[in-house]
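For reference, the chains in residue letters:
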Amino acid sequence: QVQLVESGGGLVQAGDSLRLSCAASGRTDSTYAMGWFRQAPGKEREFVATINWKTGRTSYADSVKGRFTISRDNAKSTIYLQMNSLEPEDTAVYYCAESPNFLIGGSSSSWGQGTQVTVSS
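Let us look at the structure shown here. (Residues numbered from 1 in each chain as written. Predicted model: local features only at pLDDT ≥ 70, side-chain atom pairs only at ≥ 80, totals over all residues. Heavy atoms only, no water.)

1. A word on the sheet that holds strand S7 (residues 68–73)
To be explicit about the condition: By the convention used here, strands pair only if DSSP detects at least 2 bridges between them. The helix and strand labels rest on DSSP assignments: H or I over at least four residues marks a helix, E over at least two residues marks a strand, and numbering proceeds from the N terminus. Axis geometry follows a simple rule: fit a line to the C-alpha atoms, using only the stretch in contact for helices, then measure angles between N-to-C directions, giving values from 0 to 180 degrees.
With respect to topology, four strands assemble into an open sheet ordered S1-S3-S8-S7, the strand pairing being antiparallel. Only two strands of the sheet have a single partner each, and these edge strands are strand S1 (2–7) and S7. With strand direction ignored, the average angle separating the axes of adjacent strands in the sheet is 20°. Bridge count between S7 and strand S8 (residues 78–83): six bridges; the pairing is antiparallel. Its bridge partner lying in S8, phenylalanine 68 is registered against methionine 83.

2. Thoughts on the packing of aromatic side chains
Within a pair of aromatic rings, the relevant descriptors are the distance that separates the centres and the angle that separates the planes. Stated precisely, the cut-off is as follows: Only the six-membered ring of Trp is used, alongside the rings of Phe and Tyr, when aromatic pairs are assigned; centres must lie within 6.5 Å, and planes under 30 degrees apart are stacked while those over 60 apart are edge-to-face, with the rest tilted. Per-residue accessibility, obtained with a 1.4 Å probe over protein chains only, is compared with the maximum for each type, and a residue is labelled buried under 20%, exposed over 50%, and partly exposed between these values. Throughout this description, the term charge over a ring refers to an Arg CZ or Lys NZ atom that lies within 6 Å of the ring centre and within 35 degrees of the ring normal.
Taken as a whole and judged by the stated rule, the model has two aromatic pairs. Look at phenylalanine 37 and phenylalanine 47: their rings are 6.0 Å apart centre to centre, the planes differ by 75°, and that puts the pair in the edge-to-face class. Pair noted here: phenylalanine 37 is in strand S4 (residues 33–39) and phenylalanine 47 is in strand S5 (residues 46–52), with a separation of ten residues, a long-range link. Judged by relative accessible area, phenylalanine 37 falls into the buried class, the value being 9%. A residue is classified by how much of its surface remains accessible, and phenylalanine 47, at 28% relative accessible area, is partly exposed. Ring geometry for phenylalanine 37 against tryptophan 111: centres 5.1 Å apart, planes inclined by 65°, an arrangement best described as edge-to-face. Here phenylalanine 37, found in strand S4, pairs with tryptophan 111, found in strand S10 (residues 110–111); they are 74 residues apart in sequence, far enough to count as distant. Three or more aromatic residues joined by ring pairs make a cluster, and in this case those are Phe37, Phe47 and Trp111. The ring of tyrosine 80 carries arginine 19 above its face, with NZ or CZ at 4.0 Å from the centroid. The aromatic ring of tryptophan 111 is capped on one face by arginine 45, whose charged end is 4.4 Å from the ring centroid.

Okay, structure coming up:
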């Protein structure tokens, strides 16, 4: 089990930026990937971005591509999500996830508690 601590959420206006952080602790030796998901009111949790822990390869949802950037600090076991040009549609609870395999968000994944991002128009 891996414990994840998130920070950086808040209330902003459309066009603003936020930077989310997620620090991992516990059994992180086998971490293969980390990433971000989000869940808006009345909607299912959806993929936002992932990063391969060893190679740094990234993947993004089409809805955030070009606006969001995921990065990692291996020494700190921490990932970040730089969110630029935020839109009201980005309003959601953002969750950090960790996985020992490529299927991040799957049954072997660990999850953070979530941090609220609210974007007003």
